[in-house]
Amino acid sequence: MFDLHVVGAGPAGSFAAITALRNGKNVLLCEEHKQVGVPTHCSGLVSASGLEQLKDVVDYTSIILNTITRANLHGKNERMTLSFPFPKAYVIDRAKFDEMAVEKYGEEGGKIKTGHPVRSLSDLQSHCIVGADGPISTVARLFHFPPITAYSSCWQGVFDYSSPDLSAVEVFFDPSWAPGFIGWVIPLDEYTAKIGLGVTKKGCLPGAKKKFITSLRLSQAKPISEFSALIPLSVRKKTGGIFGSHKVVLAGDAAGQVKASSGGGIFFGAQCGRLAAKYAGEPAKYEKEWKKAYGADLALHRLFRSTLDTLPAWGLDAWLMSMKAAKIDKWLMQAGEMDEYSKMLDGKALMKLARTWMP
Ligand SMILES: Cc1cc2nc3c(=O)[nH]c(=O)nc-3n(C[C@H](O)[C@H](O)[C@H](O)COP(=O)(O)OP(=O)(O)OC[C@H]3O[C@@H](n4cnc5c(N)ncnc54)[C@H](O)[C@@H]3O)c2cc1C
């Protein structure tokens with residue numbers, strides 16, 4: 001038996017495993033697929049500030065595919081541009097990110113079993129478990145955790161597509177294109193881009209996808225590659241517990257620790273994975289600690305999403321127009337955070353907002 005069994009070798013699992021290892025624990029990391037990082041169900045867009053915080057495990061500088069300094073936010077007819085004088089985010093090779101995290105864990109002496117799924121309680125090799133096994137978590141099911149109540153069904157393709165601005169991501173909020181979520185174009189280079197969207201209404205992904213790619217004049221184009229996958233948009237009511245002799249905590253997508261605004265989950269998954277390892281033997285403490293660190297941020301992302309959900313298409317345009325009229329765009333360019341929204345509410349950031357209004 002091991003001190004800790006981490007199930008799933010995505011960002012949450014590998015960061016949990018390496019943290020436990022660094023704390024002197026005898027850890028097993030297991031992954032159902034033979035190769036870590038594939039298949040990849042992700043756009044790989046991560047904030048520069050987030051990647052910096054994960055650098056002790058993955059030196060992301062060698063896996064950057066594109067540098068992002070601009071975001072164009074689209075309503076139905078209205079658009080708001082946020083431009084930054086520095087790299088705000090990077091498109092990284094997501095498969096390599098996962099591979100490098102596990103390699104680092106291996107270099108530091110960690111044990112990993114690939115091609116090794118957990119299907120039943122008898123597959124568990126410790127009484128202390130981190131369930132980091134993604135949006136449809138087997139660990140959560142085995143221990144009867146409360147469900148994730150909202151998901152976005154997403155599709156993404158890599159297309160031959162020349163983005164007019166290589167350093168800009170395009171984000172589409174129009175609910176007639178991406179009801180309940182967003183659409184995106186993320187340039188990879190001069191010739192290719194990741195194009196995708198998510199919806200929350202059951203059964204409407206194929207229709208929404210058709211409408212979206214037609215609007216981008218891609219209805220005749222065949223994607224170079226494509227996939228569909230789920231993004232959790234709500235946190236489970238409970239993310240840790242003691243079940244007989246097992247102490248179990250959930251991290252990353254398995255817990256629903258994902259930005260409901262954009263679906264980004266690499267940063268929060270990895271950071272909560274670290275906390276899951278630190279407090280694996282104390283599930284109640286884990287829950288308290290991750291909520292203290294990131295609960296407000298995830299709640300603010302959820303609030304942002306819920307607010308958008310109340311707006312019709314014309315309301316989204318009005319929202320973008322009023323943001324520009326109130327110079328919120330100028331403030332976001334100075335103090336905007338992609339992950340930790342709560343930082344935008346601290347005194348320094350709010351002073352910057354006040355300054356944008358000064359005559
Ligand atoms: C279309 C799309 C685009 C996205 N784009 C971005 C983006 O640009 N930026 C961003 O930050 N996030 C993005 N995300 C979200 C991001 O991919 C996830 O939030 C992130 O992967 C969560 O990491 P994780 O370790 O919790 O889960 P995962 O990465 O899903 O890892 C879970 C691992 O567990 C393994 N596993 C599952 N079940 C078992 C089992 N029973 N036994 C053993 N192993 C198991 C899986 O094979 C997998 O390797 C996107 C998601 C989607 C669907």
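> Mind showing me how you'd approach the overall build of the chain here?
Counting its regular elements, the chain contains 10 helices and 16 strands. Taken over the C-alpha trace, the chain has a radius of gyration of 20 Å; the compact-globule value for 359 residues is 21 Å, and the two agree within 12%. Each principal axis of the C-alpha atoms in the chain carries an extent, and together these give about 60 × 50 × 40 Å. Counting contacts in the chain only where the partners sit at least 6 residues apart, residues at least 24 apart contribute 72% of the total.

> Would you take a moment to explain the sheet that holds strand 3 (residues 45-47) for this structure?
The strands making up a sheet associate through hydrogen bonds between their backbones, and the pairing can be parallel or antiparallel. With respect to topology, three strands assemble into an open sheet ordered 3-7-4, the strand pairing being antiparallel. Only two strands of the sheet have a single neighbouring strand rather than two, namely strand 3 and strand 4 (64-68). Adjacent strand axes in the sheet meet at a mean angle of 30 degrees, parallel and antiparallel pairs treated alike. With three bridges joining them, strand 3 and strand 7 (residues 89-92) adopt antiparallel strand pairing. By the bridge assignment for strand 7, V46 is matched with Y90.

> Help me understand the sheet that holds strand 15 (residues 240-243), please; the structure alone is not making it clear to me.
Ordered in space as 8-2-1-9-16-15, the six strands form an open sheet in which the pairing is mixed. Each of the sheet's edge strands pairs with one partner strand only, and the pair in question is strand 8 (111-114) and strand 15. Each strand axis lies, on average, 20 degrees off the axis of its neighbour in the sheet, ignoring direction. In this sheet, strand 2 (residues 27-31) lies alongside strand 1 (residues 4-7) in parallel orientation, the contact comprising four bridges. Bridged to H5 within strand 2 is L28.

> Teacher, can you tell me more about the site of the ligand here?
In the vicinity of the ligand, 38 residues are found, and the nearest of them are G8, G10, G134, G252 and G265. Secondary-structure elements contributing two or more residues to the shell around the ligand are helix 1 (11-22), strand 2, strand 3, strand 10 (151-160), strand 14 (225-232) and helix 6 (266-278). Counted by class, the shell around the ligand contains 18 nonpolar, 16 polar and four charged residues. Looking at the shell around the ligand, you find at least three residues from each of domain 1 (4-68 + 86-148 + 236-307) and domain 2 (151-232).

> Please explain the nonpolar core as it appears in this structure.
Membership of the largest hydrophobic core comes to 99 residues, with the highest contact counts inside it found for A16, V130, V139, L197, A251 and A276. Per element, the largest residue contribution to this core is eight residues, and it comes from helix 6. Sequence-distant contacts of V130, that is, excluding residues within four places in its chain, are made with L4, V6, V7, G13, A16, V249, A251, A276, A277 and A280.

> Got a minute to help me understand the domain arrangement of the chain in this structure?
As a measure of interface size, the accessible area lost when the parts come together is often cited. As assigned here, the chain comprises domain 1 (4-68 + 86-148 + 236-307), domain 2 (151-232) and domain 3 (311-357). For domain 1 and domain 3, the distance between their C-alpha centroids amounts to 30 Å. The interface of domain 1 with domain 3 comprises 10 residues on the first partner and five residues on the second. Mapped onto the side of domain 1 that touches domain 3, the elements with two or more residues apiece are helix 6 and helix 7 (283-309). In terms of residue count, helix 7 provides more of the side of domain 1 that touches domain 3 than any other element does, four residues in total.

> I tried to follow unusual backbone geometry on my own but got confused; where do I start?
Both trends apply: most residues other than glycine have a negative phi, and most peptide bonds are in trans. For the bond from V38 to P39, the omega torsion is -5 degrees, close enough to zero to count as cis. Notably, H144 is not glycine yet its phi reads approximately 55 degrees, a positive angle. Within the secondary structure layout, H144 lies in the loop between helix 4 (138-142) and strand 10. With 10 C-beta atoms counted inside 10 Å, the residue H144 sits in the exposed group. Its identity is not glycine, yet R217 carries a phi of approximately 60 degrees, on the positive side. If you trace the backbone, R217 turns up in the loop between helix 5 (205-215) and strand 14.

> Any chance you could explain the pairing of strand 15 here in plain terms?
Each regular strand shows side chains that alternate between the opposite faces of the sheet. As paired strands, strand 15 and strand 16 (residues 246-250) are joined by four bridges and run antiparallel to one another. Its bridge partner being in strand 16, F243 is matched across the sheet by H246.

Calculation notes
- Residues numbered from 1 in each chain as written.
- Predicted model: local features only at pLDDT ≥ 70, side-chain atom pairs only at ≥ 80, totals over all residues.
- Helix = DSSP H or I, 4+ residues; strand = E, 2+ residues; numbered from the N terminus.
- Rg over C-alpha atoms; globule rule 2.2 N^0.38 Å.
- Contact = placed C-beta atoms within 7 Å.
- Pairing = 2+ DSSP bridges.
- Axes fitted to C-alpha atoms, helices over the stretch in contact; angles between N-to-C directions.
- Near = placed C-beta within 6 Å.
- Nonpolar A, V, L, I, M, F, W, Y, C, P; charged D, E, K, R; others polar.
- Domains from an automatic or database assignment.
- Core = buried A, V, L, I, M, F, W, Y, C linked by C-beta atoms within 7 Å.
- Buried ≥ 20, exposed ≤ 12 C-beta atoms within 10 Å, placed from the backbone.

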